[in-house]
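Summary of structural features
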Amino acid sequence: MTQARGFVREIELPQIHDPRGDLTFVEGGNHLPFDIRRVYYLYNVPVDAKRGGHAHKELEQVVFALSGSFRIKIDDGTSRSEYWLRDPRKGLHISRLVWREMDSFSQGAVCMVLASLPYDEADYFRCYEEFRAAVSREMR
Ligand code: T46
């Protein structure tokens, strides 16, 4: 079912620790509330780069810092917040209709994203005013 308002929430995955190191796993439909249809990752990101700057019409995603750290600034159309990702067990679930901007990447940071849908440019709001108008329509 499509929810009317955008939201974010932090999720924490299991960690299996033994003397050989740590292992974390994720199962679509179990640890995530959607089936994983796409995985992509950002790497070799310059420390002064800004990524994101858009929202999605239907896509939901969970974002992880597999290595290093970065900041995600969140705007649901009515309020703003920010999160720092730096623990590979902890992800940020971002629903549809949430504007996100990412910056402050540490040297060598790797961002992995688990997505509910294949890539589709038509699913993007890349104009903030269009995003705000869509949020207003859904809140009526
Ligand atoms: C998001 C943040 C965290 C593809 O061809 N396939 C893909 O799966 C993706 C994600 C992108 N692309 C193309 C589209 C653009 O020509 O790669 C280029 C860069 O994409 P974009 O500018 O959207 O990248 P980011 O890092 O600003 O945003 C991406 C996701 O698009 C977005 O959904 O939440 O990572």
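Going by the structure above, here's the rest.
Quick notes on the rules
Each chain has its residues counted from 1, running along the sequence as written. Since the coordinates come from a predicted model, pLDDT governs what is reported: local features require at least 70, and pairs of side-chain atoms require 80 or more to be given and counted, while whole-chain, interface and lining totals use all residues. Side-chain measures here rest on the full set of heavy atoms in the structure, leaving out hydrogens and waters. One heavy atom within 4 Å of a molecule or strand is enough for the residue carrying it to be called near that molecule or strand. Polar contact is defined as a pair of N or O atoms within 3.5 Å, subject to the rule that within protein one atom must be able to donate a hydrogen and the other to accept it, and that residues adjacent in sequence are counted only when both atoms are side-chain atoms. Per-residue and other accessible areas were derived by the Shrake-Rupley procedure at a 1.4 Å probe size, with only the shown protein chains allowed to occlude residues. Counting from the N terminus, the helices are DSSP H or I runs at least four residues long and the strands are E runs at least two residues long. A pair of aromatic rings is counted whenever rings of Phe, Tyr or Trp (Trp by its six-membered ring) have centres within 6.5 Å, and the orientation is called stacked for planes under 30 degrees apart, edge-to-face for over 60 and tilted otherwise. Charges are assigned to positions over rings by a cutoff of 6 Å between ring centre and Lys NZ or Arg CZ, combined with an angular limit of 35 degrees from the ring normal. A side-chain nitrogen of Lys or Arg and a carboxyl oxygen of Asp or Glu constitute a salt bridge if their distance falls within 4 Å. Buried, partly exposed and exposed residues are distinguished by accessible area as a fraction of the type maximum, computed with a 1.4 Å probe on protein chains only: under 20%, between the cut-offs, and over 50%, respectively. Here the rule is simple: two strands pair whenever DSSP picks up at least two bridges between them. For helices, the fitted axis covers only the stretch in contact; all axes are lines through C-alpha atoms, and the angles between them, taken along N-to-C directions, range from 0 to 180 degrees.

Moving on to the site of the ligand. Taken together, 13 residues lie near the ligand, and Arg38, Arg51, His56, Arg100 and Tyr124 sit nearest. Between the ligand and arginine 38 there is a distance of 2.5 Å, counted from an oxygen atom to a side-chain nitrogen or oxygen. When isolated, the ligand has an accessible area of 650 Å², and the protein chains bury 69% of it. Counting only elements with at least two residues in the shell around the ligand, the list comes to β4 (38-42), β5 (51-56) and β10 (99-103).

Under the counting rule described, the total for this entry stands at 7 aromatic pairs. Each residue in the set Trp99, Phe125, Tyr128 and Phe131 is aromatic and connected to the rest through ring pairs, giving one cluster. A cation over a ring is seen here: lysine 57 above phenylalanine 125, with NZ or CZ 5.3 Å from the ring centre. For the cation-ring pair, arginine 126 lies above tyrosine 124, with the distance from its terminal atom to the ring centre recorded as 4.0 Å.

For the rest of this paragraph, the subject is the pattern of salt bridges. Scanning the model with the defined rule gives 10 salt bridges in all. With its nearest N and O atoms 3.2 Å apart, the salt bridge here joins arginine 80 to aspartate 75. Look at arginine 80 and you get exposed, because its relative accessible area is 67%. Under the relative-accessibility criterion, aspartate 75 is labelled buried at 6%.

What follows deals with the sheet that holds strand β6 (residues 61-67). Judged by pairing direction, the sheet is antiparallel, and its 5 strands sit side by side in the order β1-β9-β6-β11-β4 without closing on themselves. At either end of the open sheet lies a strand with only one pairing partner, and these are β1 (8-12) and β4. Going across the sheet, the axis of each strand differs from the next one's by a mean of 25 degrees, ignoring polarity. Note that β1 and strand β9 (residues 90-94) share 5 bridges and pair antiparallel.

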